[in-house]
Amino acid sequence: MTHEDHRASTPRGRARRDQLVQIGLDLLAEGGWAAITARAVADRARTRPGLLHHYFNGLPGLHVAVAQRASEMIIDPVVDALLEAPDTPAAVRALRDLVPDMVAGERNLRLAAELLVRALRDPRMGAERRDWSRALRGRIAERLAQLCPDWPVERREGTAMLFTAILDGLLLQLILDPDLPTDPALDATAALVAKP
């Protein structure tokens with residue numbers, strides 16, 4: 001471990017890294033990915049642009065960290081509630097309660113839109129999003145194995161894919177139409193995943 005690596009792992013270093021990610025989030029919400037430049041981040045942090053290399057191996061690394069943080073803020077609360085649900089009806093209720101919050105407010109709406117656009121345009125971000133989706137489907141399938149042990153593997157994996165697709169689809173629909181009522185789609189989802 002170098003001296004530089006050690007500094008980044010200290011509480012002060014972690015706080016500084018977190019500050020830079022937060023600044024990146026603010027810039028993303030204000031002006032999209034083009035607004036997150038080394039100079040803009042450094043100016044807001046009142047530091048030198050080279051600090052991004054220290055904490056993120058450069059601007060592309062900061063972009064990945066910002067995307068991860070935005071996903072944690074927007075999507076992870078829904079995913080956590082989905083996985084903590086004691087049964088599939090409760091999982092659907094969790095989606096019903098939390099999905100509208102994903103894009104509540106102008107900031108979340110902009111962040112969600114930027115995440116999707118960047119995943120389509122940037123191979124690195126696309127790979128990050130793909131890996132995240134695969135891991136999420138795996139986590140949901142594991143939870144379904146606990147909740148529905150009599151379901152065959154194909155049904156658990158298919159239901160996990162369905163939940164992930166619904167989450168992504170509703171997010172996209174809410175980006176396009178923030179006032180869209182989500183209850184009809186979630187009612188249909190409940191009917192699809194109901195135990196026979």
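K.L.:
What's the story with the packing of aromatic side chains in this structure? I'm lost.
P.N.:
Two aromatic rings are characterised by how far apart their centres lie and by the angle between their planes. Under the definition given, this model contains one aromatic pair. Relative to phenylalanine 56, the ring of tyrosine 55 has its centre 6.4 Å away and its plane inclined at 55°; by these criteria the two rings are tilted. Judged by its relative accessible area of 13%, tyrosine 55 is buried. Note on phenylalanine 56: relative accessible area 6%, which makes it buried. The side chain of arginine 118 reaches across the aromatic face of tryptophan 33, ending 4.7 Å from its centre. Taking NZ or CZ as reference, arginine 155 lies 3.8 Å from the ring centre of tryptophan 151, over its face.

K.L.:
Would you explain unusual backbone geometry in this entry?
P.N.:
What you tend to see is this: most non-glycine residues have negative phi, and most peptide bonds are trans. For arginine 46, which is not glycine, the phi torsion reads 55° and is therefore positive. When you line up the elements, arginine 46 lands in the loop between α3 (38-45) and α4 (51-56). What makes arginine 46 exposed here is its relative accessible area of 78%. Although it is not a glycine, asparagine 57 sits at a positive phi angle of roughly 60°. Relative to the elements of secondary structure, asparagine 57 occurs in the loop between α4 and α5 (59-74).

K.L.:
Which parts of the structure should I look at to understand the packing of helix α2 (residues 11-31) against helix α8 (residues 105-121)?
P.N.:
Working note: a packed helix pair is described by the angle between its axes plus the distance between those axes. In contact at an axis separation of 8 Å, α2 and α8 are set at 90° when each is read in the N-to-C sense. The angle between α2 and α8 falls in the class roughly perpendicular. Where α2 approaches α8, its residues Gln22, Leu25, Asp26, Leu28, Ala29 and Glu30 are matched on the opposing element by Arg107, Arg110, Leu111 and Glu114.

K.L.:
Would you take a moment to explain the pattern of salt bridges for this structure?
P.N.:
A side chain of one charge can pair with a side chain of the opposite charge when the charged atoms of the two come close. For the coordinates displayed, the defined rule picks out 12 salt bridges. Salt-bridge contacts for aspartate 18 lead to arginine 69; the nearest nitrogen and oxygen are separated by 2.7 Å. Taken together, the positions of aspartate 18 in helix α2 and arginine 69 in helix α5 put the pair 51 residues apart, joining distant regions of the chain. The exposure class of aspartate 18 is partly exposed, given its relative accessible area of 37%. Between aspartate 80 and arginine 139 there is a salt bridge, with its nearest N and O atoms 3.9 Å apart. Residue aspartate 80 is located in helix α6 (residues 76-84), and its partner arginine 139 is located in helix α9 (residues 123-147); the two are separated by 59 residues in the primary sequence. A relative accessible area of 41% places arginine 139 in the partly exposed class.

K.L.:
Could you clarify how one ought to interpret the confidence of the model for the protein chain in this entry?
P.N.:
Regions with low pLDDT carry predicted coordinates that are not meant to be interpreted in detail. Looking at the protein chain as a whole, its pLDDT mean stands at 87, while 94% of the residues score no less than 70. Highest mean pLDDT in the protein chain belongs to α3 (95); lowest belongs to helix α1 (residues 3-8) (49).

K.L.:
Would you take a moment to explain the side chain of threonine 182 for this structure?
P.N.:
In this structure, threonine 182 sits in the loop between α10 (153-176) and α11 (183-193). Apart from residues lying up to four places away in sequence, threonine 182 is in contact with Val99, Pro100, Leu170 and Leu174.

K.L.:
Can you walk me through helix α7 (residues 88-102) in this structure?
P.N.:
It helps to recall that an α-helix has 3.6 residues per turn; residues three or four apart then point in one direction. Across its 15 residues, α7 extends 20 Å between first and last C-alpha, which sits within 8% of the 21 Å expected from 1.5 Å per residue. At arginine 96, α7 shows its largest bend, some 30°, and a proline, proline 100, comes one to four positions later. You can read the cap of α7 off the contacts: a side-chain oxygen lies 2.8 Å from the backbone nitrogen of alanine 90, and it is on aspartate 87.

K.L.:
Would you take a moment to explain α8 for this structure?
P.N.:
In a regular helix each residue adds 1.5 Å, so 17 residues correspond to 24 Å; α8 covers 25 Å between its end C-alpha atoms and thus fits that length. If you check which residues of α8 are buried, you get Asn108, Leu109, Leu111, Ala112, Leu115, Arg118 and Ala119.

K.L.:
Explain the packing of α8 against α10 to me, please; I cannot follow it from the model alone.
P.N.:
Look at α8 against α10: their axes get within 10 Å of each other, and the N-to-C directions meet at 120°. By the angle between their directions, the pair α8 and α10 is classed as oblique. Relative to α10, the crossing made by α8 is left-handed. Each of Leu109, Ala112, Ala113 and Leu116 in α8 lies in contact with α10, whose residues at this interface are Leu171, Leu172, Leu174 and Ile175. Of the residues contributing to the contact of α8 with α10, the split by class is eight nonpolar, no polar and no charged.

Rules used throughout
- Residues numbered from 1 in each chain as written.
- Predicted model: local features only at pLDDT ≥ 70, side-chain atom pairs only at ≥ 80, totals over all residues.
- Heavy atoms only, no water.
- Phe/Tyr/Trp six-rings, centres within 6.5 Å; stacked < 30°, edge-to-face > 60°.
- Buried < 20%, exposed > 50% of the residue type's maximum accessible area, 1.4 Å probe, protein only.
- Lys NZ or Arg CZ within 6 Å of the ring centre and 35° of its normal.
- Helix = DSSP H or I, 4+ residues; strand = E, 2+ residues; numbered from the N terminus.
- Axes fitted to C-alpha atoms, helices over the stretch in contact; angles between N-to-C directions.
- Parallel < 35°, antiparallel > 145°, perpendicular 65-115°, else oblique.
- Contact = heavy atoms within 4.5 Å.
- Salt bridge = Lys/Arg side-chain N within 4 Å of Asp/Glu carboxyl O.
- pLDDT = per-residue confidence, 0-100.
- Expected span 1.5 Å × (residues − 1).
- Bend = angle between axes of the 7 residues up to and from the residue.
- Polar contact = N/O pair within 3.5 Å; in protein donor to acceptor, adjacent residues only side chain to side chain.
- Left-handed = near helix turned anticlockwise from the far one by under 90°.
- Nonpolar A, V, L, I, M, F, W, Y, C, P; charged D, E, K, R; others polar.

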